[in-house]
Amino acid sequence: MNAMNTHYPDAVRVEPVNRHTLAVIVDNEPGVLARISGLFSGRGYNIESLTVSETEEARHISRITIVTTGTNAVIEQIKAQLDRLVPVHRVVDLTLQGNALEREICLVKVKGEGEHRSEALRLAAAFGAKTLDATLNSFVFELTGATEEIDRFVRLMSVIGLVEICRTGISAMGRGAEPL
């Protein structure tokens with residue numbers, strides 16, 4: 001029985017699921033990405049976005065930016081497990097730091113014939129997208145921006161005649177002069 005001496009069970013507490021952007025500094029060596037992605041898949045966590053690149057060539061250091069979702073307890077568990085991996089130097093939750101800059105690059109191929117051609121060009125200009133390729137019946141646009149902005153651009157282009165999309169995933173960095 002619960003504290004009020006009733007036979008009814010306590011209400012189930014539902015924790016909110018939040019999106020977090022994690023910056024992980026690792027040694028740039030074979031198998032590091034496989035170990036990190038294995039950590040996520042082995043525990044049933046999802047990676048929404050993943051970007052990796054060497055950032056310090058002389059020291060062979062790479063930066064991995066991971067976007068994932070979970071309750072506060074799950075996110076803390078993910079960070080602790082990442083921090084225990086041998087090639088990991090540091091794990092920083094950019095979401096908790098606040099005001100991190102997040103950007104993504106997207107290439108969008110659109111059919112462009114007739115009225116749809118001028119509408120595709122007008123929308124691309126409104127979003128500040130760069131035209132990388134233009135033929136008589138299609139365009140390839142490049143757009144850099146926040147994920148929400150790219151999602152809106154893609155939704156609008158799907159009405160016109162979206163053919164193909166390629167997205168880089170999120171790159172993120174904290175504001176201010178302090179390094180990660």
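Cut-offs used in this document
Residues numbered from 1 in each chain as written. Predicted model: local features only at pLDDT ≥ 70, side-chain atom pairs only at ≥ 80, totals over all residues. Heavy atoms only, no water. UniProt positions renumbered as here; feature names shortened; annotations may be inferred. Helix = DSSP H or I, 4+ residues; strand = E, 2+ residues; numbered from the N terminus. Rg over C-alpha atoms; globule rule 2.2 N^0.38 Å. Buried < 20%, exposed > 50% of the residue type's maximum accessible area, 1.4 Å probe, protein only. Contact = heavy atoms within 4.5 Å. Areas by Shrake-Rupley, 256 points an atom, 1.4 Å probe, with all protein chains shown as cover. Lys, Arg positive; Asp, Glu negative; His and termini not counted. Charge placed at Lys NZ, Arg CZ, Asp CG, Glu CD.

Naming follows an unreviewed UniProt entry, where the protein chain appears as Acetolactate synthase small subunit of Methylobacterium oryzae CBMB20. Per its UniProt entry, the protein chain bears the Function (unreviewed entry) comment "Catalyzes the conversion of 2 pyruvate molecules into acetolactate in the first common step of the biosynthetic pathway of the branched-amino acids such as leucine, isoleucine, and valine."

(A) Representation of the overall build of the protein chain within the structure. Along the protein chain, the regular secondary structure elements total 5 helices and 9 strands. Counting helices and strands in the order they occur from the N terminus, the protein chain gives β-α-β-β-α-β-α-β-α-β-β-α-β-β. For 180 residues, the compact-globule estimate of 2.2 N^0.38 gives 16 Å, and the C-alpha radius of gyration of the protein chain, at 21 Å, exceeds that figure by more than 25%. Overall size of the protein chain, expressed as C-alpha extent along the three principal axes, is 70 × 55 × 35 Å. Buried positions account for 36% of the 180 residues belonging to the protein chain. Relative to all contacts within the protein chain whose residues are 6 or more apart in sequence, the contacts with residues 24 or more apart total 71%. Summed over all atoms, the accessible surface of the protein chain reaches about 11100 Å², with 52% contributed by carbon and sulfur. Computed over 19 positive and 23 negative side-chain charges, the separation of the two mean positions in the protein chain equals 1 Å.

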